[in-house]
Amino acid sequence: MEAVIAISMGVLFGSGIWLILRPRTFQVIVGLMLMSYAVNLFIFMVGRLWVDKAPLTLQAGTPQPGDYADPVSQALVLTAIVIGFATTALYLVIMIGARGLTGTDHVDGEETDE
Amino acid sequence: MNGLPWTQHLILLPILLPLLAGAALIPVNEARHGLKFAVNLVCNLILLACALTLFRFADGGHWPDGLGVYLAANWQAPFGIVLLVDRLSALLLLLTALLSLAVLVFSYRGWSRIGVHFHSLFLFLLTGINGAFLTNDLFNLFVFFEVMLAASYGLVLHGYNTTRIRAGMQYIAINLVASLLFLIGLALIYATTGTLNMADLGPRVAALAADDLALLQIGTVILALAFLTKGAMWPLGFWLPTTYAAASPPVAAMLVLMTKVGVYAIVRVWPLAFSAGPAAGFGLEALYWGGIATIVFGSLGILASEEAGRVAGYGAIISSGTLLAIVGFGGPALLGVGLYYLLGSTLAMAAFLLLVGLTERIRTPGAALLALTMEAFAIEEKPDEPVGVGIPAAMAFLGLAFAASALVITGMPPLSGFVAKFSLFHVLLSVDGPVPWTAWTLIVLILCAGLAAIISLMRFGVRTFWAAGAVQPPSLQLSEAAPISLLLGLCVAMTILAAPLLDYLQRTADMLAQPTRYVERVLGETAVPAPGSMR
């Protein structure tokens with residue numbers, strides 16, 4: 001399972017890096033989103049890989065930490081997803097504004113000579 | 001509530017007040033500009049008073065070791081988020097409050113009205129900056145960085161035009177990637193140490209096994225990349241000059257402060273994480289060389305720049321590079337002087353950027369272009385009458401203010417820039433035995449950078465103020481002259497009060513060099529017992 005997760009994160013992040021280096025704003029934003037998926041997965045996996053374990057307990061008494069998944073990384077990834085979503089939406093707005101003002105979707109705001 | 005003296009809650013005020021005020025201003029119609037400005041101004045004045053109080057608390061023996069600890073939501077460290085005030089954060093809160101007050105008053109006449117929600121964004125920016133200075137939790141630091149950046153994205157685009165959109169797109173894309181790096185670094189640190197509390201980090205790092213330590217070092221380096229992107233270290237700072245030149249002057253002045261937040265984060269995290277154990281002093285050499293490269297890049301850039309905004313941008317890069325090299329060189333004595341340099345250069349650079357906005361006004365349309373063309377074709381034209389006769393008060397003010405800010409930025413006597421550089425050289429040279437060649441390199445580069453800044457600023461000054469025939473007396477409002485006077489007055493005050501200020505900064509740096517005191521105070525702070533449990 002570790003190998004599958006690691007490879008999928010690597011593929012996501014690698015594709016993201018390639019896309020943010022492309023000249024069109026649409027490619028850049030898709031690249032940013034792929035990278036943020038990879039990072040979110042990474043934060044999630046930092047709490048180790050578990051199967052069928054709850055992140056919290058409602059039982060009385062002293063719980064065994066080994067029976068539960070790490071709740072902190074799940075809380076972190078939730079916050080990171082929300083913030084990433086908001087900033088990506090903001091970038092989208094500016095992308096549309098740039099397209100309207102400059103008339104091109106090139107990241108520099110002007111077409112380079114072919 | 002009963003168990004906690006009200007003064008402790010002051011620590012929360014610099015975050016909470018601008019956040020609430022900014023949110024409250026969003027539904028208010030833009031037509032009621034006066035009201036929005038008044039709320040923002042009152043908010044800034046309260047923040048200034050609060051910063052002054054915290055400044056006195058941090059140095060006045062109100063708290064043991066000068067460390068004020070606030071357990072958010074009453075969770076004991078390391079389980080909850082801890083806010084922490086020490087001398088360094090109190091000082092930077094004060095700097096933020098003074099700078100934002102000046103910028104706000106400056107923007108009253110025109111800049112705050114050219115777009116929507118200026119005041120809300122401005123207050124959110126203050127929330128983010130103040131929060132970043134106060135928090136003692138790495139993930140919370142990320143959140144405040146994002147608040148600060150999100151507000152700055154809006155502010156950079158304030159007064160929407162093509163230049164700002166182009167610069168803004170690149171600024172935002174780079175910072176989004178930097179935020180992702182921040183998260184990766186954070187995740188690696190949590191994976192190896194199991195904590196995000198900065199004070200808790202140090203002892204855990206010192207106790208790590210070798211392979212975990214390697215992973216942690218990778219994590220902190222990735223984290224540092226995110227900080228250094230904000231701090232504009234070469235080669236991560238190419239976004240900075242374009243953004244400064246494109247942003248409106250008040251926003252650019254606030255951006256100067258934001259680059260310092262990146263440097264602050266390094267100064268805060270590094271001593272806590274890497275002062276003891278096998279990894280002590282990790283990465284400082286890289287920071288030193290990064291700083292050196294940044295100074296060289298900034299000096300070359302400032303020489304090559306024509307436009308005032310870009311000159312200021314490269315000036316900020318030089319100042320960042322100097323600070324990073326100082327931090328990398330190490331030693332509390334040098335860091336204390338480095339903080340003095342940070343204060344002076346931030347104030348002067350902000351004043352310069354505000355001035356740039358005003359000098360645009362004295363050029364008649366086309367005059368700038370004409371001056372360039374004349375130089376390009378080497379046309380020598382003698383002015384009909386001697387320049388300087390009958391300069392109106394506004395011109396005299398602009399000229400004097402320009403000269404003063406240039407003196408601080410370049411480090412010429414008699415203002416604070418000179419005191420900072422002189423003290424730097426003094427500390428670098430006063431060592432037992434031979435002076436290391438790294439110290440000589442730093443001294444030579446700082447001097448060369450100063451020379452480059454002098455050349456560039458003189459060129460700008462001559463073209464702007466002595467451009468014969470093209471000078472038109474600008475109409476200068478009091479609300480525009482007063483903030484610049486305030487910022488430059490602070491530089492003068494820093495020069496006069498250099499001795500007590502340097503003493504304070506020395507205490508700040510000494511405290512930063514003793515992370516065990518932080519750990520004791522933060523982890524030792526007990527939660528307030530709930531009212532029901534007090535029997």
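Residues numbered from 1 in each chain as written. Chains lettered and ligands numbered in written order. Predicted model: local features only at pLDDT ≥ 70, side-chain atom pairs only at ≥ 80, totals over all residues.

Considerations on the overall build of chain A
(1) Moving on: Assigned secondary structure in chain A consists of three helices and zero strands.
(2) Moving on: Taken over the C-alpha trace, chain A has a radius of gyration of 20 Å; the compact-globule value for 114 residues is 13 Å, which it surpasses by more than 25%.
(3) Moving on: Overall size of chain A, expressed as C-alpha extent along the three principal axes, is 70 × 30 × 15 Å.
(4) Moving on: Split into buried and exposed, the 114 residues of chain A put 28% on the buried side.
(5) Moving on: Restricting the contact set of chain A to residue pairs at least 6 apart, pairs at least 24 apart contribute 51%. (Helix = DSSP H or I, 4+ residues; strand = E, 2+ residues; numbered from the N terminus. Rg over C-alpha atoms; globule rule 2.2 N^0.38 Å. Buried ≥ 20, exposed ≤ 12 C-beta atoms within 10 Å, placed from the backbone. Contact = placed C-beta atoms within 7 Å.)

What to know about the overall build of chain B
(1) Moving on: Assigned secondary structure in chain B consists of 21 helices and two strands.
(2) Moving on: For chain B, the C-alpha atoms occupy an extent of roughly 85 × 60 × 40 Å along the three principal directions.
(3) Moving on: Taken across its 535 residues, chain B has 54% of its residues classed as buried.
(4) Moving on: If you take every contact in chain B between residues at least 6 apart in sequence, the share linking residues at least 24 apart comes to 81%.

Some points on the interface of chain B and chain A
(1) Moving on: Contacts between the two partners involve 21 residues from chain B, matched on the other side by 25 residues from chain A.
(2) Moving on: Mapped by element, the contributors of at least two residues to the side of chain B that touches chain A are helix H6 (138-156) and helix H7 (162-193) of chain B.
(3) Moving on: Tallying contributions element by element places H7(B) first for the side of chain B that touches chain A, with 15 residues.
(4) Moving on: Across the side of chain B that touches chain A, the residue classes break down as 17 nonpolar, two polar and two charged. (Nonpolar A, V, L, I, M, F, W, Y, C, P; charged D, E, K, R; others polar.)

What to know about unusual backbone geometry
All names here are of chain B.
(1) Moving on: For the bond from Trp-234 to Pro-235, the omega torsion is 0°, close enough to zero to count as cis.
(2) Moving on: Mapped onto the secondary structure, Pro-235 falls in the loop between helix H9 (210-231) and helix H10 (239-246).
(3) Moving on: One non-glycine residue, Asn-74, adopts positive backbone phi at about 65°.
(4) Moving on: Along the chain, Asn-74 turns up in the loop between strand E1 (68-71) and strand E2 (82-85).
(5) Moving on: The exposure class of Asn-74 is partly exposed, given the 14 C-beta atoms found within 10 Å.

With respect to the environment of B:Phe238
Residues and elements named next belong to chain B.
(1) Moving on: Looking at the secondary structure, you find Phe-238 in the loop between H9 and H10.
(2) Moving on: Judged by local crowding, Phe-238 falls into the partly exposed class, with 14 C-beta atoms found within 10 Å.
(3) Moving on: Sequence spacing of Phe-238 and Phe-297 is 59 residues, and the spatial spacing of their C-alpha atoms is 9.8 Å.

Some details on helix H18 (residues 437-465) of chain B
(1) Moving on: Over its 29 residues, H18(B) runs 41 Å from end to end, which matches the ideal 42 Å to within 8%, given 1.5 Å per residue.
(2) Moving on: Those residues of H18(B) lying buried are B:Leu442, B:Leu445, B:Ile446, B:Ala449, B:Gly450, B:Ala452, B:Ala453, B:Ser456, B:Leu457, B:Phe460, B:Arg463 and B:Thr464. (Expected span 1.5 Å × (residues − 1).)

With respect to the nonpolar core
For soluble globular proteins, nonpolar side chains are generally found buried alongside one another.
(1) Moving on: In this structure, B:Met148 and B:Ala351 are the most contacted members of the largest nonpolar core, which totals 213 residues.
(2) Moving on: For B:Met148, the residues in contact, after removing those within four places along its chain, are B:Leu125, B:Gly128, B:Ile129, B:Ala132, B:Met258 and B:Val261. (Core = buried A, V, L, I, M, F, W, Y, C linked by C-beta atoms within 7 Å.)

Concerning the environment of B:Ile443
(1) Moving on: Here B:Ile443 shows up in helix H18.
(2) Moving on: With 18 residues separating them in the primary sequence, B:Ile443 and B:Phe425 have C-alpha atoms 6.6 Å apart.

In short, shape yes, function no, at least from these values alone.
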